[in-house]
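Descriptive analysis of the structure
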Amino acid sequence: PDFWLTRFLTYPLAPDQVATFLRVSSVAGALYAVVGYARLTSGHSHRTWALVSAFAPLALFIVAYARITDFASEAPWAGAAIGLAFLYGAATRQMSLRLSEQGYEAAAASYASAAIGFLAAACAILLRNEWLTVALALIVPGLAWVESYLPLRMLGRLAIMLTGVVVIRLVFNPALLHYDIGETIVFNALLYSYG
């Protein structure tokens, strides 16, 4: 409970500060995304622009979600995350058209990683217990499908990292035995969770 990041993320905002905090976070995230993307499309294929425009909005989104909702399951936040995942998917597609140019593989990989990050955030916002594990596991074949069209080495690494998260969640989750798995002996929630 004394860990400073946890305290920062869960420290409640005063009701009159929520709108301002959300507005400032949204504007900052949009600026990072738009300026970085504009620099990349204008031919400045520097890795820093790709990383900042991909991951700064994702980080700001997660911090804003945590500060405003205190990690509650809220559909509008999940919808926003899915919308942003689609936008970053479109940006990935645009950067993939320039893969033959130097530096654009890193840009495409950064945008693809951000799209997967927003998708995982949507799953984490909406789903709880064993359903979160299933949803995160289903993202891995999605990554393999995208990699069949875009040969980006980063996607394979992302799939391995996400698989590790799912395995850790299944092996080291002490609450797993307390989930409501159903009455059926074999065909219950444990079967599809571990499957």
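This report concerns the structure included in the present document. (Residues numbered from 1 in each chain as written. Predicted model: local features only at pLDDT ≥ 70, side-chain atom pairs only at ≥ 80, totals over all residues. Heavy atoms only, no water.)

Details of helix α4 (residues 75–96)
Counted at 1.5 Å a residue, the expected span for α4 with its 22 residues is 32 Å, and the 31 Å between its end C-alpha atoms agrees. For α4, the complete set of buried residues consists of W77, A78, A81, A85, Y88, A91, T92, M95 and S96. Burial along α4 is one-sided: seen end-on, the buried residues are contained in an arc of 130°. Turned more than 90 degrees away from the buried face of α4 sit A75, P76, F86, L87 and R93, all of them exposed. The elements touched by buried residues of α4 are α2 (15–41), α3 (47–69) and α5 (104–126). (Helix = DSSP H or I, 4+ residues; strand = E, 2+ residues; numbered from the N terminus. Expected span 1.5 Å × (residues − 1). Buried < 20%, exposed > 50% of the residue type's maximum accessible area, 1.4 Å probe, protein only. Arc of directions from axis to C-beta. Contact = heavy atoms within 4.5 Å.)

Thoughts on the packing of α4 against α5
Running from N to C, α4 and α5 cross one another at 165°; their axes reach a closest spacing of 8 Å. Relative to α5, the element α4 is oriented roughly antiparallel. As α4 runs across α5, the sense of the crossing is left-handed. A breakdown of the residues in the contact of α4 with α5 according to their chemical character gives 22 nonpolar, three polar and no charged. (Axes fitted to C-alpha atoms, helices over the stretch in contact; angles between N-to-C directions. Parallel < 35°, antiparallel > 145°, perpendicular 65-115°, else oblique. Left-handed = near helix turned anticlockwise from the far one by under 90°. Nonpolar A, V, L, I, M, F, W, Y, C, P; charged D, E, K, R; others polar.)

Re the nonpolar core
Of all hydrophobic cores here, the largest spans 44 residues; its most connected members are Y88, M95, Y111, F118, I139 and L143. Looking at this core, the elements with two or more residues in it are α2, α3, α4, α5, α6 (129–149) and α7 (153–171). At 13 residues, the largest contribution of residues to this core is made by α5. Ignoring anything within four residues of it in the chain, the contact list for I139 reads I116, L119, A120, C123 and L162. (Core = buried A, V, L, I, M, F, W, Y, C linked by side-chain atoms within 4.5 Å.)

Brief notes about the pattern of salt bridges
In the structure shown here, the tally under the stated rule is two salt bridges. Here R98 makes a salt bridge to E101, at a shortest N to O gap of 3.2 Å. E105 is the partner of R153 in a salt bridge, and the nearest nitrogen-oxygen pair spans 3.6 Å. Of this pair, R153 sits in helix α7 while E105 sits in helix α5, placing them 48 residues apart in sequence. The exposure class of R153 is exposed, given its relative accessible area of 58%. (Salt bridge = Lys/Arg side-chain N within 4 Å of Asp/Glu carboxyl O.)

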